[in-house]
Amino acid sequence: MEINIVNMFPEVLNLYGDRGNIICLQKRCVWRGIKVNIFEYNLDSNQEILKNADIILLGGASDREQSIVYSHLLNLKELIKSLIEDGVCLLAICGGYQLLGEAYVDSSGRTIKGLHILDFITKAEGKRLIGNIIIETSLDVFPKTVVGYENHGGRTYHDYQPFGKVLKGYGNNGKDRFEGLIYKNVIGTYLHGPLLPKNPHIADLMLKKVLERKYALDSSEFQRLNDTLEYMAHNKVKELYM
Ligand code: GLN
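Please read all numbers here as calculations on a predicted model, not as lab measurements.

How each quantity is defined
Residues numbered from 1 in each chain as written. Predicted model: local features only at pLDDT ≥ 70, side-chain atom pairs only at ≥ 80, totals over all residues. Heavy atoms only, no water. 1 Å grid on protein atoms, 1.4 Å probe; cavity = no way out; pocket = protein on both sides within 12 Å on 5 of 7 lines; lining within 4 Å. Points joined across faces, edges and corners; volume = space filled by probe spheres on them. Helix = DSSP H or I, 4+ residues; strand = E, 2+ residues; numbered from the N terminus. Nonpolar A, V, L, I, M, F, W, Y, C, P; charged D, E, K, R; others polar. UniProt positions renumbered as here; feature names shortened; annotations may be inferred. Salt bridge = Lys/Arg side-chain N within 4 Å of Asp/Glu carboxyl O. Buried < 20%, exposed > 50% of the residue type's maximum accessible area, 1.4 Å probe, protein only.

**Description of the layout of surface pockets**
Okay, so step 1: Approximately 490 Å³ is the volume attributed to the largest pocket.
Okay, so step 2: Along the wall of the largest pocket there are 19 residues; nearest its centre are Phe 142, His 201, Asp 204, Lys 208 and Arg 224.
Okay, so step 3: At seven residues, helix H6 (residues 200-215) tops the list of elements feeding residues into the lining of the largest pocket.
Okay, so step 4: Residues of the lining of the largest pocket, tallied by class, amount to seven nonpolar, three polar and nine charged.

Put into structure tokens, the structure is as follows:
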């Protein structure tokens, strides 16, 4: 078995350790004897890299970095959309999550066009929403909690399935108590930190989806790992901040 992971514009979309999500997925494959190929998609990359992706990461970015990258990503809109519809896993963090919507209006009122693959808008308003965040996820995983760190000016409102309900922190907009978005095998979320190392149940859900889709693997055949250390970190965050 072999999994292709594509990290989109890693030199720009890389806030608060988002690359750690790739390292986490890579390690969890290696520990299970699954071959894993990591590709970095940059300005001069060939679109074939994306066409063969099983997992795509769109990391977070400052407003300035977002505006640089958005114009390049727009050329990839149809391809990314068809990959999403085809069930490819996409993890979109913060600025990357905002990018899936129609637009991000930054703190100076400038509109940065998004991919508009999903139907929502994000607007920066008021104070930034910063701090540790804990949610109860809507996904079929155990434990139900997901822990992370958020730092965004943007407020996102949408009618899609949320990634979870906010137990501590702000989430999508600091008002409706929802966090993130689920669409097919896309997870959009404001959780940095990085997300996956201290939420191994989310990492494994993504890997299971890939193996089901690519190799029709039954989830009973998916090897469990010893996650004692990972859940010590996860539980420590809950103990400190919930
Ligand atoms: N620039 C965006 C905002 O402030 C996203 C920030 C981020 O990716 N952490 O809302």
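The structure having been displayed, the exposition proceeds.
**Quick look at the UniProt feature "domain: CobB/CobQ-like glutamine amidotransferase" (unreviewed entry) in the chain**
Okay, so step 1: As recorded in UniProt, the sites labelled "domain: CobB/CobQ-like glutamine amidotransferase" (unreviewed entry) are residues 5-199.
Okay, so step 2: The annotated region residues 5-199 carries 22% helix and 36% strand content, and the separation between its end C-alpha atoms amounts to 18 Å.

**Observations concerning the pattern of salt bridges**
Okay, so step 1: Considering all chains together, one arrives at ten salt bridges under this definition.
Okay, so step 2: The salt bridge involving Glu 2 is made with Lys 35; its shortest N-O contact spans 3.7 Å. Of the two residues, Glu 2 sits in strand S1 (residues 2-8) while Lys 35 sits in strand S2 (residues 35-41), which places them 33 residues apart along the sequence.
Okay, so step 3: One salt bridge connects Arg 110 with Asp 106, and the closest N-O pair in it is separated by 3.0 Å.
Okay, so step 4: Owing to a relative accessible area of 3%, Asp 106 belongs among the buried residues under this scheme.
Okay, so step 5: Salt bridges here are not isolated pairs; linked through shared partners, they connect Arg 28, Arg 32, Asp 204 and Asp 227.

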